[in-house]
Amino acid sequence: MAGGESLNPGAAGAAIKDVTTASFREDVIAASARQPVLVDFWAPWCGPCKQLAPALEKSVAAAGGKVKLVKMNIDDHPQIPGQLGIQSIPAVIAFQKGQPVDGFMGALPEAQIRGFLERLVGPLTAGADELIAQAEAALAEGDAEAAAEFYSRVLAEDESNSKAIGGLARLHIEAGDLEQARGVLSLATSKDKDPAIAAARAALDLAEQAAALPDAGGLEAAVAANPLDHQARFDLALALNARDERDAAANHLLDIIKRDRTWSDDGARKQLVLFFEAWGPMDPASQAARRKLSALLFS
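Residues numbered from 1 in each chain as written. Predicted model: local features only at pLDDT ≥ 70, side-chain atom pairs only at ≥ 80, totals over all residues. Heavy atoms only, no water.

A separate point is the overall build of the protein. Each helix and strand counted, the protein has 14 helices and six strands in total. The C-alpha atoms of the protein give 27 Å as radius of gyration, which overshoots the globular expectation for 299 residues (19 Å, by more than 25%). Taken along its principal axes, the extent of the C-alpha atoms in the protein is 85 × 35 × 30 Å. Within the protein, the proportion of its 299 residues that are buried is 45%. Here the protein displays about 15200 Å² of accessible surface, and carbon together with sulfur accounts for 52% of that area. A distance of 5 Å separates the average location of the 29 positive side-chain charges in the protein from that of its 41 negative side-chain charges. (Helix = DSSP H or I, 4+ residues; strand = E, 2+ residues; numbered from the N terminus. Rg over C-alpha atoms; globule rule 2.2 N^0.38 Å. Buried < 20%, exposed > 50% of the residue type's maximum accessible area, 1.4 Å probe, protein only. Areas by Shrake-Rupley, 256 points an atom, 1.4 Å probe, with all protein chains shown as cover. Lys, Arg positive; Asp, Glu negative; His and termini not counted. Charge placed at Lys NZ, Arg CZ, Asp CG, Glu CD.)

In structure tokens, the structure reads:
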């Protein structure tokens, strides 16, 4: 796979590139002007190389993008390791600003590899708040996979972190994997009232409700035929919310409240509150519907 990239599952979505003699100047010398680049010199026949690789890749992943890892097969590309005087493998050389600055030989244990990296880039473990901020930034860019990895890294250190539990559960819900979402939410105690947990639980309730609904088209037809069919309108609100049509969903519940506040033991208002929990208090749909609800109840 010379010159290509392979996705390393443990590296938070980072790509580990196989570098060649031809690409060495670009992938190592030039790239090391931006961040330290580790070159792992290896060969397919080298047993210690295979022992080193998982620990090295895991440690690089823990650096959170502060350092880049590339691999060079010395059988296919002997010129560069020869120029660097590499006599045995595995050998890892760190380049910074175009120059080799540090390195080690042999299959070191993970703790020693982490110490080597920390000499280059400082402490590897990001705090929970930083990782959650990175997850939220990844979500803002539409990268759910990276966000899930950041949340998972938080939970690997602290499985009771409410924001990470809520965030990861929401990702599973949005992916349609409700069973996984339930498993993640089981990490939270029943008394955990953190808004992230409350929002995830509300979103899971809504997803489970929506899964049992009939086709939205039939519900729309039922409401059109009989505007006083509150159950059809209620179910339509759930269906619209599942399609992320939040304003329309809220308006149907508000219509029920306006027509019959007591219907289904105040069920429309209670459902609207569940929407607010799932959407979050600052969501524009929550704010708009809350104003309309207040006008209905108190004007």
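Turning to the pattern of salt bridges, a few remarks are in order. Counted under the stated rule, the structure contains 15 salt bridges. R243 is the partner of E245 in a salt bridge, and the nearest nitrogen-oxygen pair spans 3.0 Å. Given a relative accessible area of 33%, E245 falls into the partly exposed group. Here R243 falls in the partly exposed class, since its relative accessible area comes to 43%. Across the pair D266 and R269 runs a salt bridge, and its minimum N-O distance is 2.5 Å. (Salt bridge = Lys/Arg side-chain N within 4 Å of Asp/Glu carboxyl O.)

Going through the model one piece at a time under the given rule, you end up with one disulfide. Between C46 and C49 runs a disulfide, and the two sulfur atoms are separated by 2.3 Å. Handedness here is read from the sign of the S-S torsion; for C46 and C49, about 85 degrees, the answer is right-handed. According to the relative accessible area criterion, C46 is buried, its value standing at 3%. (Disulfide = S-S within 2.5 Å.)

A word on the packing of aromatic side chains. The final tally for this structure, using the stated rule, is four aromatic pairs. Geometrically, the ring pair formed by F104 and F116 is edge-to-face, given 5.0 Å between the ring centres and 80 degrees between the ring planes. Of the two residues, F104 sits in strand β6 (residues 99-105) while F116 sits in helix α4 (residues 110-121), which places them 12 residues apart along the sequence. Considered together, F104 and F116 belong to a single accessibility category, that of buried residues. The interplanar angle of 50 degrees and the centroid separation of 5.6 Å between the aromatic rings of F234 and W263 together place this pair among those described as tilted. You can see F234 sitting in helix α11 (residues 230-242) and its partner W263 sitting in the loop between α12 (246-259) and α13 (267-279), a full 29 residues away along the chain. (Phe/Tyr/Trp six-rings, centres within 6.5 Å; stacked < 30°, edge-to-face > 60°.)

Structurally, V28 is set in helix α1 (residues 24-30). Each C-alpha atom of the pair V28 and K68 lies 9.1 Å from the other, and the pair is 40 residues apart in sequence. Contact partners of V28, with chain neighbours within four places excluded, come to V19, S23, V37, V39, V70 and F95. (Contact = heavy atoms within 4.5 Å.)

What follows is about the nonpolar core. In this structure, Y151, I165, L185, L253, L272, F275 and W279 are the most contacted members of the largest nonpolar core, which totals 55 residues. Here L272 is in contact with A250, L253, L254, I257, A289 and L293, once residues within four sequence places are set aside. In terms of nonpolar packing, the next biggest core, distinct from the first, is built from 18 residues, M72, I86, I93 and F95 among them. (Core = buried A, V, L, I, M, F, W, Y, C linked by side-chain atoms within 4.5 Å.)

Axis separation between helix α9 (residues 195-211) and α11 bottoms out at 9 Å; the angle between their running directions is 115 degrees. When the axes of α9 and α11 are compared, the pair comes out roughly perpendicular. Two packed elements cross with a definite hand, and for α9 against α11 that hand is left-handed. Facing α9, whose interface residues are L206, Q209 and A210, α11 presents L238, N241 and A242. Class assignment of the residues belonging to the contact of α9 with α11 gives a composition of four nonpolar, two polar and no charged. (Axes fitted to C-alpha atoms, helices over the stretch in contact; angles between N-to-C directions. Parallel < 35°, antiparallel > 145°, perpendicular 65-115°, else oblique. Left-handed = near helix turned anticlockwise from the far one by under 90°. Nonpolar A, V, L, I, M, F, W, Y, C, P; charged D, E, K, R; others polar.)

What follows deals with the pairing of strand β3 (residues 37-42). Regular strands have side chains that alternate between both faces of the sheet. Buried residues dominate β3, accounting for five of its six residues. Across six bridges, the pairing between β3 and strand β4 (residues 68-73) is parallel. Counted as the bridge partner of F41 is M72 from β4. As a crossover connection, the stretch from β3 through helix α2 (residues 47-62) into β4 is right-handed. Here five bridges tie β3 to strand β5 (residues 91-96), and the two strands are oriented antiparallel to one another. Within β5, the position partnered with F41 by the bridge is A91. (Pairing = 2+ DSSP bridges. Right-handed = clockwise from strand over helix to strand, strands pointing away.)

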